[in-house]
Every structure is written in C-alpha cells, then in structure tokens.
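Notes for the structure review
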Amino acid sequence: MKRWRVGDVQRLGAGGATGETWGVALYDETGKPCVTFGYPKETDAKAGREHIKAALIGVASVTKVQG
C-alpha cells in the first residue's frame, strides 16, 4: 500500500476578484489527490505544506470520510 503524501506548492490561479491563489494537494494511498488547500500567498502555501507534512508524521492511518 502506498502512503499518503503532500504535493508541491503550485499556483492555482491568478487575478480575478480573489487575486492569486496558491495550493497544496494531499494525495491518498492510491496516488490520487483527495483534497487541495488554497492560500492567498505562496509563502503561506509553503508554510501550510510543512504543517500538513508534520501532521502526517507517525500517523498509523488516514481515513476518507464518505459523504
């Protein structure tokens, strides 16, 4: 089984009413993105990525909530 992983920081959009958006995706055990976190600044997205990575350290399991 593959492990969950955090993707690289990527620019999601530019301009518009909300301005530039940066994001970080969380990939599930199959390698598919399951959630994207959006941030207004690249520096915020980089910090967020590190927090997400830290939250996954030592985790025994991650469960998707089925809606």
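In the block above lies the structure referred to throughout.
So, a few notes on the structure that sits alongside this text. Because the structure is a prediction, the values reported are computed rather than measured.

**So, the nonpolar core**
A general tendency of soluble globular proteins is for nonpolar side chains to be buried together. Formed by W4, V6, W22, V24, L26, Y39, A45 and I52, the largest nonpolar core amounts to 8 residues. Secondary-structure elements contributing two or more residues to this core are strand 3 (21-27) and helix 1 (42-56). If one sorts the elements of this core by residue count, strand 3 sits on top with 3 residues. Apart from residues lying up to four places away in sequence, W22 is in contact with V9, Q10, R11, L12, F37, G38, Y39, P40, K41, E42 and A45.

**Overview of the environment of V9**
Considering the arrangement of structural elements, one finds V9 in the loop between strand 1 (5-6) and strand 2 (10-13). Assessed through its relative accessible area of 21%, V9 is described here as partly exposed. When the C-alpha positions of V9 and Y39 are compared, they lie 9.9 Å apart, and in sequence the two are 30 residues distant. Those residues in contact with V9, other than ones at most four positions away along the chain, are W22, G23, V24, E42, A45, K46 and R49.

Scoring rules and cut-offs
Residues numbered from 1 in each chain as written. Predicted model: local features only at pLDDT ≥ 70, side-chain atom pairs only at ≥ 80, totals over all residues. Heavy atoms only, no water. Core = buried A, V, L, I, M, F, W, Y, C linked by side-chain atoms within 4.5 Å. Buried < 20%, exposed > 50% of the residue type's maximum accessible area, 1.4 Å probe, protein only. Helix = DSSP H or I, 4+ residues; strand = E, 2+ residues; numbered from the N terminus. Contact = heavy atoms within 4.5 Å.

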